[in-house]
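What the coordinates show
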Amino acid sequence: FIAGLLPNINYFAQAISRAGTNMFSSALAMFSTAGEIVIDNADAFFSGSWSTGTSSLDKFGSNYLFAASGSGATATFRPVISTPGLYDVHVWYPQGGNRSTNAPYTVAFDGGGVGGTMNQTANGGGWRSVASGQPFARGMDGYFQWQTTGAEAGKVVLADAVRFSYVTNQEPSVPGAVPLWWSEFYSGVTAASDVDGDESTAADEYLAGTDPLRTGSRFTFSILDRSNDVVRVSFAPFHGGRVYELQSSSVVGTNTIWGTMASTPQSLSSSSGSFSITNDASQSKFFRVRVRLP
């Protein structure tokens, strides 16, 4: 994992390694984090008879389209999803007295869909929520669609812009699960699987921040140094979005009771952390690091 990345940003990365006194670096690579996908009417798919309008001051962009209620026309805004996961969906339309008070719409996503109506006579000129935290798969199967069938007679339905916003900090809602983007990135991985045969499920490896396809990728924990009664221990990997707790016990067995000694580690680097504690040298103790979601 790379911690601290912001949504909707282009990042540049380069791998650097050292062998003795020789330094080797890879070519510069670029990747983008998921964020907002805004689709204006010019990039939507229209069926039926639609007309272009420009007079409303609260429009998105330079124009918008409108169609008569009951005409059977549809306007479909279909995003290209490269990062699967949970998305919020918002619409933008310019309000007006000749708009439908119950313009029908449908949001289709991975595994289902939701529908409703929107009063386009009010609250225009801004983003209006129509769906929150819905799963969208990679590709173009998901969409938002305005419909005219069933709308208030004698009015028009407007189609202007739609925004699909990736929900940040997506974590499993229940223990033993993994986010959709993570399972798709590691092809063939499900939460309960152990593809690399290291006796850790993919859900455990997601929590620990290790690679579920590589046996040698493990969570490590060791004593860095000990001075008098102060013990400094390190662990890796370390990244944001997790709670790390240094725990101890005087015995280890089936019903071991672990007590938390520290829960605020220091970062040694971008991928490892450490705890410094005062330890009673007259008493033998066992230590472990517990990793959990906040």
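Look a little higher up for the structure.
As a convention, each chain's residues are numbered from 1 in the sequence order in which they are written. Local features in this predicted model are restricted to residues whose pLDDT is 70 or higher, and side-chain atom pairs enter the listing and the counts only when it is 80 or higher, whereas totals over whole chains, interfaces and linings include all residues. Only hydrogens and water are set aside; all other atoms, that is, all heavy atoms of the structure, feed into the side-chain values.

Taken together, the 3 strands give an open sheet; going across it, the order is E7-E8-E15, and neighbouring strands pair in antiparallel fashion. Each edge of the open sheet carries a strand with a single partner, namely strand E7 (51-53) and strand E15 (156-159). The average angle at which neighbouring strand axes cross in this sheet is 35 degrees, direction not considered. Strand pairing requires that DSSP identify at least two bridges connecting the strands. Each helix corresponds to a stretch of at least 4 residues labelled H or I by DSSP, and each strand to a stretch of at least 2 residues labelled E; elements are numbered beginning at the N terminus. Note on geometry: axes are lines fitted to C-alpha atoms, helical ones only across the stretch in contact, with angles between N-to-C directions running from 0 to 180 degrees.

Within the fold, Ser183 resides in helix H1 (residues 180-185). Partly exposed describes any residue whose relative accessible area lies between the buried limit of under 20% and the exposed limit of over 50%, with all areas from a 1.4 Å probe on protein chains only and scaled to the type maximum. The class of Ser183 is buried, set by a relative accessible area of 16%. Counted as a polar contact is a pair of N or O atoms within 3.5 Å, where, for protein atoms, one must be capable of donating a hydrogen and the other of accepting one, and residues adjacent in sequence contribute only when both atoms are in side chains. A polar contact of 2.9 Å, which involves the side chain of Ser183, links it to the backbone oxygen of Leu180. In this description, contact between two residues means that some pair of their heavy atoms is separated by no more than 4.5 Å. Excluding its chain neighbours within four sequence positions, the residues that come into contact with Ser183 are Val178 and Val189.

Only Phe, Tyr and Trp rings are paired, with Trp represented by its six-membered ring, and only when their centres lie within 6.5 Å; those with planes under 30 degrees apart are stacked, over 60 edge-to-face, the remainder tilted. Across all of its chains, the model carries 20 aromatic pairs by this definition. Residues Phe60 and Trp92 carry aromatic rings whose centres are separated by 5.3 Å and whose planes lie at 70 degrees to one another, so their mutual orientation is edge-to-face. Of this pair, Phe60 sits in the loop between E7 and strand E8 (64-68) while Trp92 is found in strand E10 (residues 85-92), placing the two residues 32 residues apart along the sequence. On the basis of relative accessible area, Trp92 is assigned to the buried category, the value being 15%. One aromatic cluster is present, formed by Tyr87, Phe109, Phe136, Phe164 and Tyr166 through successive ring pairs. Here, a charge over a ring is recorded when the distance from Lys NZ or Arg CZ to the ring centre is within 6 Å and its angle to the ring normal is within 35 degrees. A cation sits over an aromatic face here: Arg242 above Tyr206, 4.7 Å from the ring centre.

If you walk across this open sheet you meet the 5 strands as E6-E9-E14-E11-E12, and the pairing is antiparallel. At either end of the open sheet lies a strand with only one pairing partner, and these are strand E6 (45-47) and strand E12 (112-118). Taken pair by pair, the neighbouring strands of this sheet meet at an average axis angle of 15 degrees, ignoring direction. In this structure, E6 lies alongside strand E9 (residues 74-77), joined through 3 bridges in antiparallel fashion. Bridge assignment links Phe46 to a residue of E9, and that residue is Ala75.

The next point concerns the pattern of salt bridges. Criterion for a salt bridge: a side-chain nitrogen of Lys or Arg within 4 Å of a carboxyl oxygen of Asp or Glu. The final tally for this structure, using the stated rule, is 6 salt bridges. We note a salt bridge from Asp211 to Arg214, for which the minimum N-O separation is 3.9 Å. A residue is classified by how much of its surface remains accessible, and Arg214, at 47% relative accessible area, is partly exposed. We note a salt bridge from Glu245 to Arg292, for which the minimum N-O separation is 3.2 Å. Remark: Arg292 occurs in strand E23 (residues 286-292) and Glu245 occurs in strand E19 (residues 243-249); sequence separation between them is 47 residues. The network of salt bridges with common partners includes Glu245, Arg290 and Arg292.

A few words on the layout of surface pockets. Its boundaries defined by the atoms lining it, the second largest pocket holds a volume of some 260 Å³. In this analysis a 1.4 Å probe is tested at points of a 1 Å grid over the protein atoms alone, and where it fits but cannot get out there is a cavity; an open set with protein on both sides within 12 Å along at least five of seven lines is a pocket; lining residues have an atom within 4 Å of a point. Around the second largest pocket, the lining residues are Asp198, Ser200, Asp204, Glu205, Leu207, Ala208, Thr210, Ser217, Arg218, Phe219 and Val291. Grid points are joined across faces, edges and corners, and a volume is the space filled by probe spheres set on the points.

The values are spatial; any link to function lies outside them.
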